[in-house]
Amino acid sequence: MGSKIAKAAFLVTAMMFFAILALDIAIPTLVLCTMALSTWLVSLDLPVARKHGGEAA
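Residues numbered from 1 in each chain as written. Predicted model: local features only at pLDDT ≥ 70, side-chain atom pairs only at ≥ 80, totals over all residues. Heavy atoms only, no water.

Undergrad: Pulling in residues and values, what's your account of the overall build of the protein chain?
TA: Broken down by element type, the protein chain carries 1 helix and 0 strands. In the protein chain, which comprises 57 residues, the share counted as buried stands at 0%. As displayed, the protein chain has an accessible area near 5500 Å², and 77% of this comes from carbon and sulfur atoms. (Helix = DSSP H or I, 4+ residues; strand = E, 2+ residues; numbered from the N terminus. Buried < 20%, exposed > 50% of the residue type's maximum accessible area, 1.4 Å probe, protein only. Areas by Shrake-Rupley, 256 points an atom, 1.4 Å probe, with all protein chains shown as cover.)

Take a look at the structure:
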């Protein structure tokens, strides 16, 4: 009986470890992708953002 409880506890512990490990990889990846996307959006040469010589600011 104790062996089944130990195996179940080990299984739950292993599942929690790998779930946290996946979050440990996914969250920094999401942050880095968001930073890269924002840098890309800022560096775009959008026609709306351009000021023409004759227009008032």
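Undergrad: Report on a nonpolar patch on the surface, specifying residues and quantitative values.
TA: On the surface, Leu-23, Ile-27, Val-31, Leu-32 and Met-35 cluster together to form a nonpolar patch covering roughly 500 Å² of accessible area. We classify Met-35 as partly exposed; its relative accessible area is 49%. (Patch = residues over 30% accessible without salt bridge, like charges linked within 9 Å, V, L, I, M, F, W, Y side chains within 5 Å. Salt bridge = Lys/Arg side-chain N within 4 Å of Asp/Glu carboxyl O.)

Undergrad: Help me get a handle on the packing of aromatic side chains, residues and values and all.
TA: Going through the model one piece at a time under the given rule, you end up with 1 aromatic pair. Look at Phe-17 and Phe-18: their rings are 5.1 Å apart centre to centre, the planes differ by 75 degrees, and that puts the pair in the edge-to-face class. (Phe/Tyr/Trp six-rings, centres within 6.5 Å; stacked < 30°, edge-to-face > 60°.)

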